[in-house]
Amino acid sequence: MTSAADPDDTVRPDRFPQTVPMGLSGMLVRFSDRMDDAANRAALAFRAGVEAEAWEGVEETATSLGSVFLRFDPLRTDHDALAERVTGLLARCDWYAAKLPPGRRLWHIPALFGGPEAPQIEEAASLAGLTPDAAVAELTARPVRVLTIGFAPGLPYMGPLPPHWDIPRQTALTPTLPAGAVVVAVRQVIIFPTATPTGWRHVGQTGFRGFRPEAAAPFPLRAGDEVRFHAVTAEELHRLRAEDPEGGGARSEALR
Amino acid sequence: MSAALIVRSAGPGPSVQDRGRPGWLAEGLSRGGAADPLALAEGAALLRQPVDCAALEMAGIGGTFEAEGDLVLALTGAPMRATLDGAPVVWNATHALRAGQRLVIGAAEAGVYGYLHVAGGFATPLRMGSRAAHLTAGLGAPVAAGERLPVGAPSGAARPGLVLDAADRFRGGTVRIVPSAQTGLFSPEDRARFAATDFVRDTRGNRQGVRLVHDGAPFAAAGQLNILSEIIVPGDIQMTGDGTPYVLLPECQTMGGYPRIGTVVPDDLPLVAQAAPGTRLRFRFVGLDEALADYRQRRQGEAARLAAGVRPLVRDPAGMADLLSYQLVGGVTAGDDLGEGE
């Protein structure tokens with residue numbers, strides 16, 4: 001990949017997947033430049049494919065909404081060698097149609113919707129053209145997939161929600177929402193791992209901690225996992241939080 | 001009882017740092033670790049110990065420290081004015097701090113991040129494999145006045161009175177950058193203008209990143225507002241909404257949607273991290289092949305080269321006001337080799 005040194009050749013907006021260098025020790029495999037479910041599935045599947053290859057020098061991989069990042073040790077490999085391997089693996093199958101990788105889990109997470117602890121369900125429902133009850137029914141009817149984790153430690157971007165949930169972020173920031181807050185925007189749902197300022201709307205509240213620094217497994221969720229919300233009352237939420245301060249009553253099962 | 005360093009007072013937000021916590025990018029946690037990794041390596045060379053020992057990173061100003069038990073320490077990174085029981089001590093050198101003695105570290109004379117290392121390293125708790133405080137992630141906390149920092153068992157190889165010539169990376173200069181994932185979204189004209197522009201390190205900056213300001217038009221990428229968030233890494237130069245660059249440092253977020261014009265090569269990133277507000281920086285695009293070759297060459301025998309640069313701290317007896325009151329090789333100087341007096 002002699003083109004790597006020429007920035008003009010690092011982006012070819014008409015063709016996906018693209019393999020582009022990202023600094024001295026990184027490579028990005030991009031499946032789309034816009035939010036696209038097939039591209040997200042391709043990224044999850046391709047990352048698992050790269051991990052299974054265990055290429056010399058690759059030290060870490062991570063997905064975002066539509067791409068896979070590979071960090072490597074420049075003393076053990078380089079962009080050209082890695083690009084060749086990536087190209088070979090990309091050609092092996094249609095990654096946009098590939099099955100999601102094994103090892104994923106389905107999480108059941110109790111959540112309170114509405115009321116003073118989740119005050120923006122009416123507003124969000126209205127923007128989605130729904131009654132609050134219908135909005136809660138849709139948010140709890142089926143699982144959402146963890147599309148990616150990032151921005152902050154253990155912060156899951158989940159979705160995709162149906163198209164009418166393509167609601168914008170607020171123009172003003174809410175100064176702070178508590179850990180465990182469930183927020184929505186742009187067909188996605190987030191559970192905040194820590195107290196966070198946000199422009200997303202606060203529709204639910206859980207006792208689920210997505211980042212547990214003192215635990216043996218600090219990050220319970222993985223990209224590709226599914227999350228199903230179960231509506232609970234405020235009393236139930238408080239009881240679950242008291243019984244299970246980190247999980248808030250969440251449980252998981254293996255997905256097949 | 002094992003030795004410890006007692007923090008009597010401290011400047012804003014010093015923190016224990018090591019080489020960070022790689023491997024959690026997929027979970028949203030950036031590597032973190034020392035803002036100037038070279039300063040960690042220099043401290044390790046001076047104290048003849050492994051480079052993964054944790055040190056105290058001080059931003060802009062140090063603090064007042066006392067030893068509980070006898071310590072050997074080293075000072076590296078941004079040079080700061082320091083005294084030991086009132087007598088000036090040399091930066092980039094090792095010193096003995098005996099039980100009850102007081103080390104006062106003042107403001108940085110240049111640069112931002114100074115480092116206080118101890119023989120044995122700081123033995124603060126390991127969290128997820130590292131002692132580094134990751135302040136934006138809420139992992140660990142800044143070191144506060146009154147805190148007692150436990151010191152690990154020293155190997156016995158450390159000696160006071162050793163000095164190292166450190167590379168000066170505290171006054172800005174030209175920083176090499178290589179292409180990043182969105183470099184091609186910037187027009188060739190804007191890339192050329194970027195490389196020809198003098199930037200000044202803004203007052204806004206921390207371990208997440210530093211903002212740069214410049215005269216002239218902002219820098220914008222094609223489709224700037226519609227970029228899908230992708231993985232970001234330290235060294236990336238994001239063009240924020242107002243068209244000013246923001247260089248990411250070890251505690252950066254892991255995903256971002258601002259276009260990146262390039263990525264600073266790892267060996268030059270300390271130049272950015274150590275640029276105090278007002279410092280001038282320029283960027284030079286280099287090809288990946290050239291940058292890789294240079295990176296590999298620098299890594300060859302790096303630890304041995306640093307170790308070989310460590311030598312006894314000797315002073316000119318003619319410059320000493322009262323020769324008899326000084327140990328000849330003790331790391332304490334008469335002060336007139338530190339520049340202007342107080």
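Definitions and cut-offs
- Residues numbered from 1 in each chain as written.
- Chains lettered and ligands numbered in written order.
- Predicted model: local features only at pLDDT ≥ 70, side-chain atom pairs only at ≥ 80, totals over all residues.
- Heavy atoms only, no water.
- Helix = DSSP H or I, 4+ residues; strand = E, 2+ residues; numbered from the N terminus.
- Rg over C-alpha atoms; globule rule 2.2 N^0.38 Å.
- Buried < 20%, exposed > 50% of the residue type's maximum accessible area, 1.4 Å probe, protein only.
- Pairing = 2+ DSSP bridges.
- Axes fitted to C-alpha atoms, helices over the stretch in contact; angles between N-to-C directions.
- Contact = heavy atoms within 4.5 Å.
- Phe/Tyr/Trp six-rings, centres within 6.5 Å; stacked < 30°, edge-to-face > 60°.
- Lys NZ or Arg CZ within 6 Å of the ring centre and 35° of its normal.
- Parallel < 35°, antiparallel > 145°, perpendicular 65-115°, else oblique.
- Left-handed = near helix turned anticlockwise from the far one by under 90°.
- Nonpolar A, V, L, I, M, F, W, Y, C, P; charged D, E, K, R; others polar.
- Core = buried A, V, L, I, M, F, W, Y, C linked by side-chain atoms within 4.5 Å.
- Polar contact = N/O pair within 3.5 Å; in protein donor to acceptor, adjacent residues only side chain to side chain.
- 1 Å grid on protein atoms, 1.4 Å probe; cavity = no way out; pocket = protein on both sides within 12 Å on 5 of 7 lines; lining within 4 Å.
- Points joined across faces, edges and corners; volume = space filled by probe spheres on them.
- Buried area = accessible area lost by both parts, 1.4 Å probe.
- Salt bridge = Lys/Arg side-chain N within 4 Å of Asp/Glu carboxyl O.
- Domains from an automatic or database assignment.

**Q** Would you explain the overall build of chain B in this entry?
**A** Each helix and strand in chain B was counted, giving five helices and 22 strands. A compact globule built from 342 residues should have a C-alpha radius of gyration of about 20 Å, and chain B, at 21 Å, falls within 12% of that. Along the longest, intermediate and shortest principal axes, the C-alpha atoms of chain B span 70 × 45 × 35 Å. Burial statistics for chain B: of 342 residues in total, 55% are counted as buried.

**Q** Would you mind showing me how to read the sheet that holds strand S4 (residues 67-72) of chain A here?
**A** Consider a sheet: its strands pair through backbone hydrogen bonds, and that pairing is either parallel or antiparallel. All names here are of chain A. An order of S1-S2-S4-S3 is seen for the four strands of this open sheet, with the pairing classed as antiparallel. Whereas interior strands pair on both sides, the edge strands pair on one side only; in this sheet they are strand S1 (18-21) and strand S3 (58-63). Within this sheet the neighbouring strands show an average axis-to-axis angle of 20°, counted without direction. Examined bridge by bridge, S1 and strand S2 (residues 26-30) share four bridges and lie antiparallel to one another. Bridging across to S2, Val 20 finds its partner in Leu 28. Set on the sheet, helix H1 (residues 37-53) makes contact with S2, S3 and S4; between it and S3 the angle comes to about 165°. Relative to the sheet, helix H2 (residues 79-90) contacts S1, S2, S3 and S4, its axis offset from that of S2 by approximately 25°.

**Q** In this structure, what is going on with the packing of aromatic side chains? I would like to understand it.
**A** To describe a pair of aromatic rings, one takes the distance between the centres and the angle between the planes. Per the counting criterion, the structure on display carries 13 aromatic pairs over all chains. Taken together, a centroid distance of 5.1 Å and an interplanar angle of 90° make the contact between A:Phe46 and A:Trp95 edge-to-face. With a gap of 49 residues between them, A:Phe46 in helix H1 and A:Trp95 in the loop between H2 and strand S5 (105-113) connect regions that are remote in the sequence. Judged by its relative accessible area of 0%, A:Phe46 is buried. Seen in terms of ring centroids, B:Phe194 and B:Phe283 are 5.1 Å apart; in terms of plane orientation they differ by 20°. Their pairing is stacked. In this pair, B:Phe194 is assigned in helix H2 (residues 188-195) and B:Phe283 in strand S21 (residues 280-285), connecting sequence segments 89 residues apart. Grouping residues by exposure puts B:Phe194 and B:Phe283 together as buried. Through a chain of ring-to-ring contacts, three or more aromatic side chains come together here, namely A:Phe31, A:Phe46, A:Trp95 and A:Tyr96. A cation sits over an aromatic face here: A:Arg212 above A:Phe208, 5.1 Å from the ring centre. Note that B:Arg299 overlies the ring of B:Tyr295, its terminal NZ or CZ placed 4.6 Å from the centroid.

**Q** Is there a simple way to think about the packing of H1(A) against H2(A) in this case?
**A** Between two packed helices, what matters for the description is the angle formed by their axes and the separation of those axes. Residue and element names in this part refer to chain A. Following both chains from N to C, one finds H1 and H2 inclined at 120°, their axes separated by 11 Å at the closest point. Classified by the angle their axes make, H1 and H2 are oblique. Helix-helix and strand crossings are classified by hand; for H1 and H2 the assignment is right-handed. The segment H1 lies against H2, with Phe 46, Gly 49, Val 50 and Glu 53 engaging Val 86, Leu 89 and Leu 90. Residue composition of the contact of H1 with H2, by class: five nonpolar, one polar and one charged.

**Q** Mind showing me how you'd approach the nonpolar core here?
**A** General note: in soluble globular proteins, nonpolar side chains tend to be found buried as a group. Formed by 30 residues in total, the largest nonpolar core has its most connected members in B:Phe194, B:Ile237, B:Val247, B:Val264 and B:Phe283. Sort the elements by how many residues they give to this core and helix H3 (residues 269-273) of chain B lands first, with four residues. Beyond its immediate stretch of four places on either side in the chain, B:Phe194 contacts B:Ile177, B:Phe199, B:Phe219, B:Ile237, B:Met239, B:Pro245, B:Ile261, B:Phe283 and B:Phe285. Ranked by size, the runner-up nonpolar core spans 29 residues in total, among them A:Ala135, A:Met158, A:Val189 and A:Ile191.

**Q** What am I meant to see in the side chain of A:Thr174 here?
**A** Residue and element names in this part refer to chain A. Counting through the fold element by element, Thr 174 comes out in strand S8 (residues 174-177). On the basis of relative accessibility, which here comes to 18%, the residue Thr 174 falls in the buried class. Separated by 3.2 Å, the side chains of Thr 174 and Gln 170 make a polar contact. Leaving out residues up to four positions away in the same chain, Thr 174 has contacts with Pro 197 and Thr 198.

**Q** Please explain empty space enclosed by the protein as it appears in this structure.
**A** One simple way to see leftover space: roll a probe sized like a water molecule over the atoms. Residue and element names in this part refer to chain B. On inspection of all chains with the given rule, the structure shows one cavity of 30 Å³ or more. Lining the largest cavity are Leu 40, Ala 44, Gln 49, Pro 50, Val 51, Cys 53, Ala 54, His 117, Val 118 and Gly 121. Where the lining of the largest cavity is concerned, the elements lending two or more residues are helix H1 (37-47) and strand S10 (113-118). Within the lining of the largest cavity, the residues separate by chemical class into seven nonpolar, three polar and no charged.

**Q** What is the right way to look at the interface of chain A and chain B in this model?
**A** Interface extent is often summarised as the accessible area lost during association of the parts. Contacts between the two partners involve 46 residues from chain A and, on the opposite side, 43 residues from chain B. Contact with chain B buries area across many residues of chain A, yet A:Met22, A:Leu24 and A:Phe151 alone supply 19% of it, more than any other trio. Counting across the chain A and chain B interface gives two salt bridges. Across the pair B:Arg127 and A:Glu214 runs a salt bridge, and its minimum N-O distance is 3.6 Å. Broken down by secondary-structure element, the contributors of at least two residues to the side of chain A that touches chain B are S1, S2, S3, S4 and strand S6 (144-149) of chain A. Here the element with the most residues in the side of chain A that touches chain B is S3(A); it accounts for four residues. Here the residues of the side of chain A that touches chain B are counted per class, giving 24 nonpolar, 13 polar and nine charged.

**Q** Would you explain the domain arrangement of chain B in this entry?
**A** Residues and elements named next belong to chain B. Segmenting chain B into domains produces domain 1 (4-163) and domain 2 (173-286). Placing the centre of domain 1 and that of domain 2 at their C-alpha centroids yields a distance of 29 Å. At the interface, 23 residues of domain 1 touch 14 residues of domain 2. Between the two partners, domain 1 and domain 2, sit one salt bridge. At the surface where domain 1 touches domain 2, the tally comes to eleven residue pairs in polar contact (both at pLDDT 80 or more).

**Q** Mind showing me how you'd approach the sheet that holds strand S20 (residues 260-264) of chain B here?
**A** All names here are of chain B. A barrel is described by the order of its strands in space; here seven strands give the closed sequence S13-S20-S17-S18-S15-S14-S21, paired in mixed fashion. Sheet twist, expressed as the average angle between the axes of neighbouring strands with direction ignored, equals 40°. Pairing between strand S14 (residues 199-206) and S21: two bridges, direction antiparallel. Note that in S21 the partner of Phe 199 across the bridge is Leu 281.

**Q** Can you walk me through the domain arrangement of chain A in this structure?
**A** Residues and elements named next belong to chain A. Each domain of chain A was delimited in the assignment, giving domain 1 (18-97) and domain 2 (105-254). On the side of domain 2, nine residues touch domain 1, which itself brings eight residues to the contact. Each partner contributes to the roughly 630 Å² buried at the junction of domain 1 and domain 2, and carbon and sulfur atoms together form 53% of this total. Of all residues in domain 1, the largest losses of buried area upon contact with domain 2 belong to Asp 37, Leu 44 and Leu 65, amounting jointly to 52% of the total for that side. Remark: the boundary between domain 1 and domain 2 carries one salt bridge. Across the pair Asp 37 and Arg 145 runs a salt bridge, and its minimum N-O distance is 2.5 Å. At the surface where domain 1 touches domain 2, the tally comes to four residue pairs in polar contact (both at pLDDT 80 or more). Among the elements that make up the side of domain 1 that touches domain 2, the one with the highest residue count is H1 (four residues). Among the residues making up the side of domain 1 that touches domain 2, the classes are represented as three nonpolar, three polar and two charged.

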